[in-house]
Amino acid sequence: MQNRAIGRSRGHESSSSQEINTGSFVGPTHERITVGELAEDLFRDYRINGRKTTDDVQTRWRLHLEPFLGSRRVLEVTSDLVAKYVDQRQRENARNATINREMAALKRMFRIGMYATPPKVFRLPKFPKLAEDNIRKGFLEDAQYKKLIAYFPDLWFRALVEMGRTYGWRISELINLQVKQVDVDVRTIRLEPGTTKNKDGREVTMTTAVHNLLAQCVAGKSSEDAVFTRSDGKPVRDFRDTWAKATEAAGVPALLFHDLRRTAARTLRRAGIAEGVIMKIGGWRTRSVFERYAIVSQTDIADALKKLEAG
């Protein structure tokens, strides 16, 4: 009996040694690692690599992932638990695209933990990828625009919306603008190569409306300051709550800020601007945007038929 016990003990020691040598041993320290610790590692990775979406991923974590998973130990996170998170977000009416971005952030956390030395993660649960509706359905009409800014008339908000509907630029491209990129005298705005989603640089001429707003936004600021700042001087980083309330007041609660890209493309096209030029202004690389964004609205179709009957 004693020999068998010693044999089992030696076998256990041998097994533990093998786990340690292969990096699969889960000790007391690893058992205490939480998802919150993985999140901090993710944020550090974003900062080191200069990712423009750092603020976005931190907001997604703070508002949704952290309340559900932040205090959980990594060992507790199973595919079943992830599925429960997805189910909860869908019951909260979160869009599939939004949930997919959250899943991507969570998966990135776990992969960073898996390749850490020593590893903090020993297995990856399944992170689902939900089907997305990639067709944009919203336009910001002039009447709605007036209601939108009437509800929230702060300078930074009016300027962001005006630029979004004029040039179709992404939120990240707008809120990261610095004063040095805006030349009020020459009336140009410049996005440097490498700072946009497709890495291409862009330069556009200001419309009168944009010029009037940006001149106020940059007044008294240094070249490195953010263009869009709140009344307390802090840079605008996240304004989802403001956007949700403003769109509700304007009667378009489902409108996304990203829909302003579609609005800008339609407005430019109606003005007779060539598709190639529109693509350069908004930062689109392929003309598939015109199909994907379904640029022609019902109003456009009705106008076309009226012209046909008149002819």
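Residues numbered from 1 in each chain as written. Predicted model: local features only at pLDDT ≥ 70, side-chain atom pairs only at ≥ 80, totals over all residues. Heavy atoms only, no water.

**Details of the overall build of the protein chain**
The condition that has to hold: Comment: elements are numbered from the N terminus, with helices defined as DSSP H or I runs of at least four residues and strands as E runs of at least two. A simple rule labels every residue: compare its accessible area, found with a 1.4 Å probe on the protein chains alone, to the largest value its type can have, and call it buried under 20%, exposed over 50%, or partly exposed in between. In what follows, residue pairs with any heavy atoms lying within 4.5 Å of each other are defined as contacts.
Within the protein chain, the secondary structure is distributed over 15 helices and three strands. Residues classed as buried in the protein chain amount to 39% of the 311 residues present. Considering only residue pairs separated by 6 or more positions, the protein chain has 64% of its internal contacts joining residues 24 or more positions apart.

**Structural notes on the pairing of strand β2 (residues 188–191)**
We count it as follows: Note on pairing: two strands pair once DSSP finds at least 2 bridges between them.
As paired elements, strand β1 (residues 182–183) and β2 share two bridges and run antiparallel to each other. Considered in β2, the bridge of Val182 is made with Ile189. The hairpin formed by β1 and β2 contains four residues between the paired strands, and Arg187 there has a positive phi angle of roughly 65°. As paired elements, β2 and strand β3 (residues 202–205) share four bridges and run antiparallel to each other. By the bridge assignment for β3, Arg190 is matched with Glu203.

**Points about the confidence of the model for the protein chain**
Note: predicted coordinates in regions of low pLDDT should not be interpreted at a detailed level. For the record, the criterion: Every residue gets a pLDDT, meaning the predictor's confidence in that residue, from 0 to 100.
Model confidence for the protein chain is summarised by a mean pLDDT of 85, while 82% of its residues fall at 70 or above. At the low end of the mean pLDDT range in the protein chain sits helix α1 (residues 2–22), at 47; at the high end sits helix α10 (residues 208–218), at 97. A low-confidence stretch, residues 5–17 stays under pLDDT 50, and its non-local contacts, those more than four residues away or across chains, total one contact. Of the regions scoring below 50 in pLDDT, residues 19–26 engages in 12 contacts with residues more than four places distant in sequence or in other chains.

**Regarding the pattern of salt bridges**
Our working definition: Salt bridges are identified by distance alone: a Lys or Arg side-chain nitrogen within 4 Å of an Asp or Glu carboxyl oxygen.
If you walk through the whole model with that rule in mind, you get 22 salt bridges. Of the charged contacts in the structure, one is a salt bridge between Arg108 and Asp45, with a shortest N-O distance of 3.1 Å. On the criterion of sequence distance, the pair formed by Arg108 in helix α6 (residues 96–114) and Asp45 in helix α3 (residues 35–48) is long-range, its members being 63 residues apart. Relative accessible area serves as the criterion here: at 31%, Arg108 is assigned to the partly exposed category. The shortest N-O distance in the salt bridge between Glu162 and Arg165 comes to 3.3 Å. With Glu162 and Arg165 both in helix α8 (residues 155–167) and three residues apart, the pair spans about one turn of that helix. Through salt bridges with shared partners, a single ionic network connects Glu37, Asp41, Arg44 and Lys120.

**As for the side chain of Asp45**
Here Asp45 falls in the buried class, since its relative accessible area comes to 15%. Once you skip the residues sitting within four places of it in the chain, Asp45 turns out to touch Arg51, Arg108 and Ile112.

**Brief notes about α3**
What counts, and what does not: Every helix has an expected span of 1.5 Å times one less than the residues it contains.
Spanning 14 residues, α3 covers 20 Å between terminal C-alpha atoms, matching the ideal 20 Å at 1.5 Å per step. Buried residues of α3: Val35, Gly36, Leu38, Ala39, Asp41, Leu42, Phe43, Asp45 and Tyr46, and no others. If you follow the buried residues of α3, they end up packed against α4 (54–69) and α6. Taken from the residues just after α3, Gly50 is the one with a positive phi, measuring 60°.

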